[in-house]
Amino acid sequence: MCCGGMHRAWHQIVPWQHPMLMPMLPLPMLPRCSRCGQKAYCSPECQRKDWKVHKLTCKKAETPENRIGDLLRQGRLFSAQCELEQLQKPNPRLAAELEEKMKFGTLSEVVDDVLQLQPIEGFGLGYVAAKELLPGQPLLFDTAFSSAPMDGDKEFYCTIAEKAIRKGHGDRRVSARADAQADFYYDSILKLGTKDSHDRATLEETDMDPEMREQILVCSIAEANSMYCTEDPSLLALFAAGARFNHSCAPNATLESSKSTLLVRAGCAIPMGSEVTISYLPHQLLLEAGAKRRERLLNGRGFHCRCQRCESEQDQ
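Within every chain, residues take consecutive numbers counted from 1 along the sequence as written. Given that this is a predicted model, residues contribute local features only at a pLDDT of at least 70 and side-chain atom pairs are listed and counted only at 80 or more, while totals for whole chains, interfaces and linings are drawn from all residues. Water and hydrogen atoms were dropped before computing side-chain values, which therefore reflect all heavy atoms in the structure.

Colleague: What is the right way to read helix α5 (residues 156-168) from this model?
Modeller: Every α-helix carries 3.6 residues per turn, so stepping three or four residues along brings you back to the same face. Given a rise of 1.5 Å per residue, 13 residues ought to cover 18 Å, and the 18 Å separating the end C-alpha atoms of α5 matches this to within 8%. Only protein chains enter the area calculation, which uses a 1.4 Å probe; residues under 20% of their type maximum are buried, those over 50% are exposed, and those in between are partly exposed. Counting from the N terminus, the helices are the DSSP runs of H or I reaching at least four residues and the strands are the DSSP runs of E reaching at least two. Of all the positions in α5, only F156, Y157, T159, I160, A161, A164, I165 and G168 are classed as buried. Contacts between residues were defined by any pair of non-hydrogen atoms, one from each residue, lying within 4.5 Å. Buried positions along α5 lie against β5 (146-149), α6 (176-187), α8 (210-225) and β7 (235-238). One fewer than the residue count of a helix, multiplied by 1.5 Å, yields its expected span.

Colleague: Sorry, what's going on with the environment of D179 here?
Modeller: Relative to the assigned elements, D179 resides in helix α6. Note on D179: relative accessible area 24%, which makes it partly exposed. Placed 11 residues apart in sequence, D179 and G168 show a C-alpha to C-alpha distance of 8.9 Å. With residues near it in sequence (within four places) discarded, D179 still touches R172 and R173. N or O atoms closer than or at 3.5 Å make up a polar contact, with two conditions inside protein: a donor-capable atom paired with an acceptor-capable one, and, for residues adjacent in sequence, both atoms drawn from side chains. In terms of polar contacts, D179 uses its side chain to reach the backbone amide nitrogen of R173, at 2.8 Å.

Colleague: Mind showing me how you'd approach the packing of helix α2 (residues 64-73) against helix α3 (residues 77-85) here?
Modeller: When two helices pack together, their arrangement is captured by the angle between the axes and the distance separating the axes. Their axes nearest at 8 Å, the elements α2 and α3 cross at an angle of 160 degrees. One element, α2, and the other, α3, form an angle in the roughly antiparallel class. Remark: the crossing between α2 and α3 carries left-handed chirality. The segment α2 lies against α3, with R67, I68, L71 and L72 engaging L77, S79, A80, E83 and L84. In this analysis an axis means a line fitted to C-alpha atoms, helices contributing only their contacting stretch, and an angle means the value between N-to-C directions, from 0 to 180 degrees. The labels follow the angle: roughly parallel below 35 degrees, roughly antiparallel above 145, roughly perpendicular from 65 to 115, and oblique for the rest. By definition, any crossing whose near helix is turned counterclockwise from its far helix by less than a right angle is left-handed, and any crossing with a clockwise turn is right-handed.

Colleague: I tried to follow the packing of aromatic side chains on my own but got confused; where do I start?
Modeller: Here the aromatic set is Phe, Tyr and Trp, taking the six-membered ring for Trp, and pairing holds for ring centres within 6.5 Å; pairs whose planes are under 30 degrees apart are stacked, those over 60 apart are edge-to-face, and all others are tilted. If you walk through the whole model with that rule in mind, you get six aromatic pairs. Both rings, one in F145 and one in F184, keep their centres 5.6 Å apart while their planes meet at 40 degrees; by these two values the pair is tilted. With a gap of 39 residues between them, F145 in the loop between β4 (138-143) and β5 and F184 in helix α6 connect regions that are remote in the sequence. The pair F145 / F184 is uniform in exposure class, with both members buried.

What follows is the structure in structure tokens.
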């Protein structure tokens, strides 16, 4: 044989062993930078060594998953939930993160910046349409700080207040949730209005035990601001951002609420600059005569309703 017997004759080569005839096998997928998805590395060690240089040009890839992650970090849970539902494949990690943040009870979102919170003459703070609003348009998404059954062993507002106080006095640095809830309790919950406008001033002037004073104050806040859950009318929940809507017996916005979340939608077309109102009463109670509605609001919420409908029904 030629070449000292180093090579086989052409006809002795099995066809699929010849390099020109062998099928192309896929190369193994190299791990890529999880942030930009562009640069590939042969090993995690190689990636760590290159990060000092690569980070100067690394830009986050524009993917639906990255955008959802950004929305979650911003606390825009409603927008994140909508985009999560549109993913072609479920993402358990992002879904779990969303569910966890829902439990904080501290996060709310004005959807697409369509509302502005500002003073309303004669009614304190309230929401005003920052844009022209369409019927059914999502306006505000909120999470419940605490909730309670209406027919529990205690008055619902006592149970809601107890839960709120526990969160407000929870051990800090235990978790991000505990820190967020404690801060939110002092920065938002305690700043909500009381059932009787004189409650706060009266309590501050007394020599009452501080712990008892706080309990009475938070009970008054809970009674004045808790909302019926439309998905389960036997429950009420305290939504701090949602509580800033003023009441009307002819509201222009509707509620969709559970023990943990609240979504406010425009009930009709609302012009820019108009106040957006909700009903503090369940829908069936809005059908009652004006005097009965006003009595329920006075006994339950502690205020005389002065909405346009009540003003026109003073004799009813």
